[in-house]
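# Overview (structure and organization)
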Amino acid sequence: VLVAGFFVGYLVDLSHEDTYRHVEAANRRAQRAWEAILAQRPETAIADLEALRAAFPDNALLLHQLVLARAKTDLQDARELLDQWLQRYPTDVEALLLLGALCRDQDDLKGALAAYRTAAATAPDDATRAVAILHQSTIVLDSGRPDQAYELLRTLDLRHQFPTDVLVALRYWRGLCQL
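Let me begin by describing the structure that accompanies this report. (Residues numbered from 1 in each chain as written. Predicted model: local features only at pLDDT ≥ 70, side-chain atom pairs only at ≥ 80, totals over all residues. Heavy atoms only, no water.)

## Here we look at unusual backbone geometry
Glycine aside, the phi torsion of most residues is negative, and most peptide linkages are trans. With phi around 60°, Asp107 is a residue other than glycine that occupies positive phi space. Residue position: Asp107 is located in the loop between helix H5 (93-105) and helix H6 (109-122). Exposure remark for Asp107: the relative accessible area of 67% places this residue in the exposed category. (Helix = DSSP H or I, 4+ residues; strand = E, 2+ residues; numbered from the N terminus. Buried < 20%, exposed > 50% of the residue type's maximum accessible area, 1.4 Å probe, protein only.)

Here is the structure:
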């Protein structure tokens, strides 16, 4: 869902030397936060990401990283942060996919299905839509409804060229063997 690092260069005019230094400092701080997440030090990551969000409050990648860091310490806190974000940006597909995962981790399968449904409906491309539908069908299959899972999978237009990761997921997805 996330790419390591955060680049704010597109947000500001880099022609000013002060701005360039500011962006470089923000990039270093974001990289340090990502490394803290990977090193299982979420408190350090949260502190850095909160400071960056104060400077760049509308940056989706920062929000996604912050949610990942908070989820390592408090799932409910992470979910509330995502809910607030999605009130402002209801079509942020990456945030919807994160919300689906958080809901599933909290055993809120209805919430997870709703998040994945919305992600599939607003996905900007076929690959992202396929990921959301695969998540939906996994939940439905785990709930003992293989026919409904099969119907969800049938909505995927497999004639499109999907990226390799989606093709691998489709080929090895455990649900396909059970259907």
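After that view, the rundown keeps rolling.
## Notes on the pattern of salt bridges
For the structure shown, the criterion picks out 7 salt bridges. Note that Glu151 and Arg154 form a salt bridge whose closest N and O atoms lie 3.5 Å from each other. In this pair, Glu151 and Arg154 both sit in helix H8 (residues 146-154), 3 residues apart, roughly one turn of the helix. One continuous salt-bridge network, built from bridges that share partners, spans Glu50, Arg70 and Asp77. (Salt bridge = Lys/Arg side-chain N within 4 Å of Asp/Glu carboxyl O.)

## Quick look at the nonpolar core
Of all hydrophobic cores here, the largest spans 46 residues; its most connected members are Ala45, Leu49, Val67 and Leu82. Among the elements of the structure, helix H1 (17-38), helix H2 (42-55), helix H3 (60-71), helix H4 (75-88), H5, H6, helix H7 (126-142) and H8 are those that each provide at least two residues to this core. By residue number, the principal contributor to this core is H5, which donates 8 residues. Aside from chain neighbours lying at most four places away, what touches Val67 is Ala78, Leu81, Leu82, Leu98 and Leu102. (Core = buried A, V, L, I, M, F, W, Y, C linked by side-chain atoms within 4.5 Å. Contact = heavy atoms within 4.5 Å.)

## Thoughts on the packing of aromatic side chains
Applying the stated criterion across every chain yields a total of 1 aromatic pair. When the centroid spacing of 4.5 Å and the interplanar angle of 35° are considered together, the rings of Trp85 and Tyr89 count as tilted. According to the relative accessible area criterion, Tyr89 is partly exposed, its value standing at 27%. (Phe/Tyr/Trp six-rings, centres within 6.5 Å; stacked < 30°, edge-to-face > 60°.)

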